[in-house]
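These are the residues of each chain, in order.
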There are 2 protein chains.
Amino acid sequence: MAAQVDHEERRRQIAEALLRIADTQGLQAASMRAVAAEAGVSLRLVQYYFTTKEGLLLDALARLGVQLQARMAQWISAAGTPPTPRSLMTAVLSCILPTDPESRRITRTYAAYYTLVLSDPALVEKHGTPQPDLLEGFLAQQIRAAQQAGEIDAGRDPGMTAAGLLAMVNGLGSSVLGGQRTGDAALAILAHCLDELFGSP
Amino acid sequence: MAAQVDHEERRRQIAEALLRIADTQGLQAASMRAVAAEAGVSLRLVQYYFTTKEGLLLDALARLGVQLQARMAQWISAAGTPPTPRSLMTAVLSCILPTDPESRRITRTYAAYYTLVLSDPALVEKHGTPQPDLLEGFLAQQIRAAQQAGEIDAGRDPGMTAAGLLAMVNGLGSSVLGGQRTGDAALAILAHCLDELFGSP
DNA sequence: CACAGCATGATACGGGTGTACCAGGAAAGC
DNA sequence: GCTTTCCTGGTACACCCGTATCATGCTGTG
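Everything numeric in this text was worked out from a predicted model, so none of it was measured. Numbering of residues begins from 1 in every chain and follows the order in which that chain's sequence is written. Chain letters start at A and ligand numbers start at 1, both assigned in the order the entries are written. With the structure being a predicted model, the display of local features is reserved for residues of pLDDT at least 70 and the display and counting of side-chain atom pairs for 80 or more, all residues being used for whole-chain, interface and lining totals. For the side-chain quantities, the full set of heavy atoms in the structure was used; hydrogens and water were omitted.

> What am I meant to see in the overall build of chain A here?
Regarding its fold elements, chain A presents ten helices and zero strands. In terms of its C-alpha atoms, chain A occupies a principal-axis envelope of roughly 65 × 40 × 30 Å. Working definition: with a 1.4 Å probe on protein chains only, accessible area under 20% of the residue-type maximum means buried, over 50% means exposed, and in between means partly exposed. Residues counted as buried form 45% of the 201 residues belonging to chain A. A contact between two residues is defined here by any heavy atoms of the two lying within 4.5 Å. Long-range pairs, those at least 24 residues apart, make up 66% of the contacts in chain A with a sequence separation of at least 6. This count recognises Lys and Arg as positive and Asp and Glu as negative, with His and chain-terminal groups excluded. A charge is said to be at NZ when it belongs to Lys, at CZ for Arg, at CG for Asp and at CD for Glu. Charge-centre separation for chain A: the mean point of 17 positive side chains lies 8 Å from the mean point of 20 negative side chains. Secondary structure follows DSSP: runs of H or I at least 4 residues long count as helices, runs of E at least 2 residues long count as strands, and numbering of each begins at the N terminus.

See the structure below:
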């Protein structure tokens, strides 16, 4: 055999270079050569580990998803002891908002992928993106729990309320990235909505 | 003089070809040559009427803004007689949602521009985008009016509620374009939120 | 009628893109 | 030691991009 190299580490290095470019300059600037330069390797290496560009894009997207998932798990675990439905929802929703550098990076990179998928839906269709629906289900579950505890008006539809909240946070994130709003302002709006949802007189 | 041609008409024809491509294939597919082919003119003509590609992009974006504005004006004028704050808000918000072909087109094209601006903020900065803030102000004003009429709880912050609603509609639109939700489902969620905002027992 | 000027067509240039091909070197197994 | 396999570097190929240049129409005015 030859100089055995940690393939996974190399792939990670290259994929993260792609994500770094997607974050700072957008995905259309993430050419094979640019990724190679950013990762400090030769173009040939990028081709070797990811035969095609589509493979690289998909792999990097998967890693981005893992990063977001890790961040959310961390925020959930920091939601106080014991976690209440309200603290959990606050954690999950504000975790997605681009307030600190890491969330800005993740959100911006996801936004870069978003339009890519819009123009070429076949890219991710086979790959599947169960994340949003899972999140929505989790939120709906928390809402139901809060309703049984009498903290939320029982007349609300949990699914629709969850979907509305998640969509709002998405939209707030877009406006923050677009520079129309500050991250803290978005957080304040989210807090206001949660205050309204949980009766806080 | 030479064959005097309606310049504005030609510019419109070309710009709308650009918008059509941006809608169906994304902005990264909207090359000068593709726009020329879509508009049925030669590449040289596109260059003639819009010296540079940036000029073409900006002009088309401006036209898209006008189209959205016209659509909103139409929906507002169809908001019943006399228009109530609730009917106005419903009209404005559901007008943005991608439910019919026209709104799908507008929303998708705006989404295509969104990431372009994210990766190159200088493009639109000088050009200005007063639209969203105006809309937010309009919504806040309607909320205040409804509060004075006793239709909305006076404890709500009009600005934050307006911002939250607009962001939610934006996020709902994204999910519809992404195929995670149907346009009607998004409308139902919006209706549910408005029901909750205006006390409907 | 001729001329000036706007409108259009064809083509070229330099650069960037994804991918493919070919060669070579380094370590492990016989 | 030799070979086989894994890894890596360099380079080339088509193709598409935005823009510029040259040339040629056509038309309305003097």
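> I tried to follow the side chain of glutamine 147 of chain B on my own but got confused; where do I start?
Tracing the backbone through its elements, the reader meets glutamine 147 of chain B in helix H8 (residues 131-148). Apart from residues no more than four positions distant in its own chain, glutamine 147 of chain B is found in contact with Ile152, Asp153, Ala154, Arg156 and Pro158 of chain B.

> Got a minute to help me understand the confidence of the model for chain A in this structure?
Any residue range with low pLDDT should be treated as having predicted coordinates unsuitable for detailed reading. pLDDT: the predictor's confidence for each residue, scored from 0 to 100. For chain A, per-residue confidence averages 93 on the pLDDT scale, and residues scoring 70 or more make up 94% of the total. Within chain A, helix H7 (residues 122-125) of chain A has the poorest average pLDDT of any element, 80, and helix H9 (residues 158-177) of chain A the best, 98.

> What should I look at first to understand the UniProt feature "DNA-binding region" (unreviewed entry) in chain A in this one?
UniProt positions are given in the numbering used here, feature names are shortened, and annotations may be inferred rather than shown by experiment. UniProt records the feature "DNA-binding region" (unreviewed entry) at residues 31-50 of chain A, using the numbering of this structure. Taken end to end, residues 31-50 of chain A is 75% helix and 0% strand, and its two terminal C-alpha atoms sit 13 Å from one another.

> What is the right way to look at unusual backbone geometry in this model?
Keep in mind that most residues, glycine aside, have a negative phi and that most peptide bonds are trans. The linkage connecting threonine 81 of chain A with the following residue, proline 82 of chain A, adopts the cis geometry, with an omega of -5 degrees. With respect to the helices and strands, the residue proline 82 of chain A is situated in the loop between helix H4 (53-77) and helix H5 (85-96).

> Is there a simple way to explain the interface of chain B and chain A in this structure?
How big an interface is tends to be stated in terms of accessible area lost as the parts join. Contact with chain B, which involves 33 residues of that partner, is made by 32 residues of chain A. Here the quantity called buried area is the accessible surface, traced with a 1.4 Å probe, that two parts lose on coming together, added over both. A per-residue breakdown of the area chain B buries against chain A is headed by Tyr114, Met160 and His192 of chain B, which together make up 19% of the total. One side-chain nitrogen of Lys or Arg within 4 Å of one carboxyl oxygen of Asp or Glu is enough to make a salt bridge. The interface formed by chain B and chain A holds four salt bridges in total. In this structure, glutamate 136 of chain A engages arginine 181 of chain B in a salt bridge whose closest nitrogen and oxygen atoms are separated by 3.4 Å.

> Just to check I follow, could you spell out the relation of the copies chain B and chain A for this structure?
The operation linking the two copies of the chain is a rotation about an axis combined with a translation along the axis. Between the two copies, chain B and chain A, the superposition gives an RMSD of 0.1 Å; the rotation angle is 180 degrees and the shift along the axis is 0.0 Å. In the structure described here, the two chain copies are related by an operation that fits a two-fold rotation axis. Residue methionine 168 of chain B of chain B places its C-alpha closer to the rotation axis than any other residue of that unit, at 1.7 Å. Same-surface contact between copies: 97% of interface residues of chain B are shared with the interface of chain A. Least-squares superposition of the copies uses the C-alpha atoms of those residues scoring a pLDDT of at least 70 in each of them.

> Quick question: what am I supposed to make of the state of the cysteines here?
Think of a disulfide as a covalent bridge from one cysteine sulfur atom to another cysteine sulfur atom. Note on terminology: disulfide denotes any pair of cysteine sulfur atoms within 2.5 Å. By the definition in use, this model includes zero disulfides over all chains. Free cysteine cysteine 193 of chain A: the closest other cysteine sulfur is in cysteine 193 of chain B, separated by 8.3 Å. Cysteine cysteine 95 of chain B shares no disulfide, and the gap to the nearest cysteine sulfur, in cysteine 193 of chain B, comes to 18 Å.

> Mind showing me how you'd approach helix H2 (residues 32-39) of chain A here?
At 3.6 residues per turn, the α-helix brings residues three or four places apart onto the same side. Residues and elements named next belong to chain A. Taken residue by residue, H2 has Met32, Val35, Ala36 and Ala39 as its buried positions. What you see down the axis of H2 is that its buried residues fit within an arc of 100 degrees, all on one side. Facing away from the buried side of H2 by over 90 degrees, the exposed positions are Arg33 and Ala37. Buried residues in H2 make contact with helix H1 (7-25), helix H3 (43-49) and H4. Glycine 40, located one to two residues past H2, shows a positive phi value of around 75 degrees. Directions are taken from the helix axis to each C-beta atom, and the arc is the one they span.

> Is there a simple way to explain the environment of glutamate 196 of chain B in this structure?
As for its placement among the helices and strands, glutamate 196 of chain B is situated in helix H10 (residues 183-197). Glutamate 196 of chain B sits in the partly exposed class, given a relative accessible area of 25%. Taking the C-alpha atoms as reference points, glutamate 196 of chain B and isoleucine 152 of chain B, separated by 44 residues in sequence, lie 9.5 Å from one another. Apart from residues no more than four positions distant in its own chain, glutamate 196 of chain B is found in contact with Asp153 and Arg156 of chain A.

> What should I look at first to understand the UniProt feature "domain: HTH tetR-type" (unreviewed entry) in chain A in this one?
The UniProt entry lists residues 8-68 of chain A under the feature "domain: HTH tetR-type" (unreviewed entry), expressed in the numbering used here. For the annotated span residues 8-68 of chain A, helix accounts for 80% and strand for 0% of the residues, and the straight-line distance between the end C-alpha atoms is 19 Å.

> Would you explain the pattern of salt bridges in this entry?
Residues and elements named next belong to chain B. Within this structure, the stated rule accounts for 24 salt bridges over all chains. The partner of glutamate 102 in a salt bridge is arginine 71, and the shortest N-O contact between them spans 2.8 Å. Within this pair, whereas glutamate 102 is found in helix H6 (residues 101-119), its partner arginine 71 is found in helix H4 (residues 53-77), the two being separated by 31 residues in sequence. According to the relative accessible area criterion, glutamate 102 is partly exposed, its value standing at 35%.

> Which parts of the structure should I look at to understand the packing of aromatic side chains?
Centre distance and the angle of the planes are the two values used to describe a pair of aromatic rings. All names here are of chain A. Stacked, tilted and edge-to-face pairs are distinguished by plane angle, under 30 degrees for stacked and over 60 for edge-to-face with tilted covering the rest, among Phe, Tyr and Trp rings (Trp via its six-membered ring) whose centres lie within 6.5 Å. Taken as a whole and assessed by the stated rule, the structure comprises two aromatic pairs over all chains. For the pair tyrosine 48 and tyrosine 49, a centre-to-centre distance of 5.2 Å together with 85 degrees between the ring planes defines the contact as edge-to-face. The exposure class of tyrosine 49 is buried, given its relative accessible area of 10%.

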